[in-house]
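A closer look at the structure
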Amino acid sequence: MMKYKFKSFRRFFLYSSATILPLVTSIYAMAKPNSDVVVNTTTPNIIMIMADDLGYGDTGFTGHSIIKTPHLDAMANDGLMMTNFHAGAPVCSPTRGTFVTGRHFFRYGIFNANRGHLPKQEITLSEALKEKGYTTGHFGKWHLGTLSKTMSSKGKKRKPAINYSPPAWHGYDTSFVTESAVTLWDPGVGKRAKNNPFWLDGAALDANDPSLLGSASRVVMDRSIPFIEQAVESKQPFFTMIWFHAPHADIAAGPQSHKFYTDQGVSENAAHYYGVVTEMDKEIGRLRAKLKQLGIADNTLITFTSDNGPEGRKGIRGVFAGETAGLRGRKGSIYEGGVRVPTLALWPGKIQAGSTTDVAGSTLDYFPTITDLVNYQLPDQRPIDGESLLPLLTAEQPNKYQRKKEIITRYRDIMTLIDGDFKFVTNIATLKGLSGRTHETELYNLKDDRAESNNISQHYPEKIKAYKAMLVKANQSFYDSHQGKDYHEPDFKVVGKWQADIDQKAEKIKSKSKKKSKKKSKNN
């Protein structure tokens, strides 16, 4: 387990600049601005980056003492570090839905990873920005529906014809994507590549295409940068979504990255995990260098986050070497280790350099923040679950910002609510007084108890009562949206079957556990 020293990051950054950057090529420092480019200073370019299964403690700027992420660390030093930011869900597809819509994933039927699809009726960031004159591109993982009507990486059970929902349906001018995860070295081949090719604007690339060799992160950046260059040449503001596949399984680092870590005594397996994180970081450095070279770095907003906590439900094991920095739970858990993610925002001259905030945030906030930035107005009254963090991002003292909305989510039958420093945890059966799988009422003060080890619910009966009422109301609103109430289309076909109030899978696990416990008691 790594030791984390969050308060000493600025000192750590100065140290890393002197020792790490020579080891991992700092492309950014070598870039020279192009003086011939006329920069638009009124409409910012927007680049939004997301890692896949990156744990809260897996970067230098969040305190990892071995993994080298000099370019992300530089981004943290140049911008805002958000230490209390949450993925919209503890798993992949649902978080991605919240990212692009600002709405909870239960509203449109993406109840879990590889379930459902994003309906055409949802309004996405790319659609909003396209309406404001942006050229839009998505690069990397998609995971919001199938990309073919006849095949899926998850087989026939994924129902590709029903769940077909490509980027082109959601406001993207161009896209270079895969339906789901890939092997992180030579991503065009391997078991993850079966029925899961890279799609370039709707056309599948050959698995042996030489552009698909090497690091999956480099493969994605190789397509992202030309899109940006073309937008600059056309003097058009751009929106670039870059959703890296790393460090999701199958985890395989390149020989050079792997050796870099094994030479330091890191195990063969962990070196692969550390290596793919560093390879992703290198591409972020390459991106920033290109922006600087094009003369647009100061007029570009960049965000970085992860879709959930690190894989490995049984803890750190083998290649699943992701760290939560002492947070409870991992991917798939509604506790902080499953949802609190490393997050940054950079916008030179607008976002205070070297700033930090512990104000709670969520991927639900991206849509309202960006639409607020460009003054986009929704055409209807559909509920938006996030809130604009633009005042926080541009504040001189971002830590003094007061969040107005609670962060509410539901995963399976568990619901959580974050209100300031408090986090409330319960389940639907408990809220509705149903028999079956009830859940202990839990309340934590995240400021004092980031590990969620001290349940203080008995001290706040009035808060618990109010939070329960909020969750009941939110769950009903989610259901109404799922049934198509927000779309006002009589012929709308509901996506997926509404998640049951009692998680049957969890009930079976609980039942088996009780039987084993009784059998053990008899034997003793």
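Residues numbered from 1 in each chain as written. Predicted model: local features only at pLDDT ≥ 70, side-chain atom pairs only at ≥ 80, totals over all residues. Heavy atoms only, no water.

With that settled, the discussion passes to the packing of helix 6 (residues 216-233) against helix 8 (residues 268-294). As a packed pair, helix 6 and helix 8 sit with axes 10 Å apart at the nearest point and diverge in direction by 15°. With respect to each other, helix 6 and helix 8 are oriented roughly parallel. The chirality of how helix 6 crosses helix 8 is right-handed. For the pair helix 6 and helix 8, the contacting residues are Ser 217, Arg 218, Met 221, Asp 222, Ile 225, Ile 228, Glu 229 and Val 232 in the first and Glu 279, Met 280, Glu 283, Arg 286, Leu 287, Lys 290, Leu 291 and Leu 294 in the second. When grouped by side-chain class, the residues that make up the contact of helix 6 with helix 8 number 8 nonpolar, 1 polar and 7 charged. (Axes fitted to C-alpha atoms, helices over the stretch in contact; angles between N-to-C directions. Helix = DSSP H or I, 4+ residues; strand = E, 2+ residues; numbered from the N terminus. Parallel < 35°, antiparallel > 145°, perpendicular 65-115°, else oblique. Left-handed = near helix turned anticlockwise from the far one by under 90°. Contact = heavy atoms within 4.5 Å. Nonpolar A, V, L, I, M, F, W, Y, C, P; charged D, E, K, R; others polar.)

Within this structure, the stated rule accounts for 18 aromatic pairs. Ring geometry for Phe 111 and Trp 498: centres 5.9 Å apart, planes at 85°, overall edge-to-face. With Phe 111 in the loop between helix 4 (92-101) and helix 5 (125-131) and Trp 498 in the loop between helix 13 (461-482) and helix 14 (504-523), the pair connects residues that are 387 residues apart, well separated along the chain. Among the residues examined, Phe 111 registers a relative accessible area of 6% and is labelled buried. The interplanar angle of 65° and the centroid separation of 5.2 Å between the aromatic rings of Phe 422 and Tyr 460 together place this pair among those described as edge-to-face. Residue Phe 422 is found in strand 15 (residues 422-427), and its partner Tyr 460 is found in the loop between strand 16 (442-445) and helix 13; the two are separated by 38 residues along the sequence. Overall, Phe 422 belongs to the buried group, its relative accessible area being 13%. Residue Tyr 460 is classed as partly exposed on the basis of its relative accessible area, which comes to 30%. One aromatic cluster is present, formed by Phe 105, Phe 106, Phe 111, Tyr 479 and Trp 498 through successive ring pairs. When the ring centre of Trp 169 is taken as reference, the NZ or CZ atom of Lys 120 above it lies at 4.0 Å. Taking NZ or CZ as reference, Arg 328 lies 3.7 Å from the ring centre of Tyr 335, over its face. (Phe/Tyr/Trp six-rings, centres within 6.5 Å; stacked < 30°, edge-to-face > 60°. Buried < 20%, exposed > 50% of the residue type's maximum accessible area, 1.4 Å probe, protein only. Lys NZ or Arg CZ within 6 Å of the ring centre and 35° of its normal.)

Attention now moves to the pattern of salt bridges. All told, the structure shown has 24 salt bridges when counted by the stated rule. The salt bridge partner of Lys 141 is Asp 52, with a shortest N-O separation of 2.6 Å. Taken as a pair, Lys 141 in strand 4 (residues 135-141) and Asp 52 in the loop between strand 1 (45-51) and helix 3 (70-78) lie far apart in primary sequence, 89 residues in all. Residue classification places Asp 52 among the buried residues on the basis of a relative accessible area of 0%. Residue Arg 103 pairs with Asp 486 through a salt bridge whose shortest N-O separation is 2.8 Å. Separated by 383 residues along the polypeptide, Arg 103 in the loop between helix 4 and helix 5 and Asp 486 in the loop between helix 13 and helix 14 bring together distant segments of the chain. Accessibility classification places Arg 103 together with Asp 486 in one group, the buried group. Among the ionic contacts, a cluster of salt bridges with common partners joins Asp 52, Arg 96, Lys 141 and Asp 307. (Salt bridge = Lys/Arg side-chain N within 4 Å of Asp/Glu carboxyl O.)

A few words on the sheet that holds strand 5 (residues 174-178). The 10 strands are arranged 7-6-5-4-8-1-9-10-2-11 in an open sheet whose pairing can be described as mixed. Lying at the two open borders of the sheet, with one neighbouring strand each, are strand 7 (203-204) and strand 11 (355-357). Along the sheet face, helix 6 touches strand 1, strand 4, strand 5, strand 6 (199-200) and strand 8 (238-243) and points at about 175° away from the line of strand 8. Its contacts with the sheet place helix 10 (residues 366-373) against strand 1, strand 9 (300-306) and strand 10 (343-346), and it is angled at close to 175° to strand 9. (Pairing = 2+ DSSP bridges.)

Turning next to helix 4. Burial runs high along helix 4: 10 of the 10 residues are buried. Here helix 4 has its buried residues at Cys 92, Ser 93, Pro 94, Thr 95, Arg 96, Gly 97, Thr 98, Phe 99, Val 100 and Thr 101. On the buried face of helix 4, the contacting elements are strand 1, helix 5, strand 4, strand 8, strand 9 and helix 10. Where helix 4 ends, the next residue or the one after it, Gly 102, has phi of about 75°, a positive value.

Before going further, it helps to spend a moment on the confidence of the model for the protein. Scored by pLDDT, the protein has a mean of 90; 87% of the residues are at 70 or more. A low-confidence stretch, residues 1-30 stays under pLDDT 50, and its non-local contacts, those more than four residues away or across chains, total 60 contacts. Every residue in residues 520-524 scores below 50 in pLDDT, and together they form 0 contacts with partners more than four places removed in sequence or on other chains. (pLDDT = per-residue confidence, 0-100.)

With that out of the way, let us pick up the packing of helix 3 against helix 8. Each pair of packed helices can be summarised by the angle the axes make with each other and by the distance between the axes. Close contact between helix 3 and helix 8 brings their axes to 7 Å; oriented N to C, the two are set at 55°. Accordingly, the angle class assigned to the pair helix 3 and helix 8 is oblique. Contacts between helix 3 and helix 8 pair Pro 70, His 71, Leu 72, Ala 74, Met 75 and Asp 78 from the former with Asp 281, Lys 282, Ile 284, Gly 285 and Arg 288 from the latter. When its residues are assigned to classes, the contact of helix 3 with helix 8 shows 5 nonpolar, 2 polar and 4 charged.

The next point concerns the pairing of strand 8. Within strand 8, 6 of the 6 residues are buried, which leaves it mostly tucked inside the rest of the structure. Of the two faces of strand 8, the one lined by Phe 238, Thr 240 and Ile 242 and the one lined by Phe 239, Met 241 and Trp 243 are each fully buried. Bridge count for strand 1 against strand 8 is 5 bridges, and the pairing is parallel. From the neighbouring strand, Ile 49 faces strand 8, where its bridge partner is Ile 242. Across 6 bridges, strand 4 lies against strand 8 in parallel orientation. Looking at the pairing, Gly 140 lines up with Trp 243 of strand 8.

Here we take up the pairing of strand 13 (residues 407-411). Of all the 5 residues making up strand 13, 5 are buried; the element is thus mostly covered by neighbouring parts of the structure. Neither face of strand 13 is exposed, since Ile 407, Thr 409 and Tyr 411 on one face and Ile 408 and Arg 410 on the opposite face are all buried. The pairing of strand 13 with strand 14 (residues 414-419) spans 5 bridges and is classified as antiparallel. The residue bridging Ile 407 from the neighbouring strand is Ile 418, located in strand 14. Counting the residues between successive antiparallel strands, the hairpin from strand 13 to strand 14 contains 2 residues, one of them, Arg 412, with a positive phi of roughly 55°.

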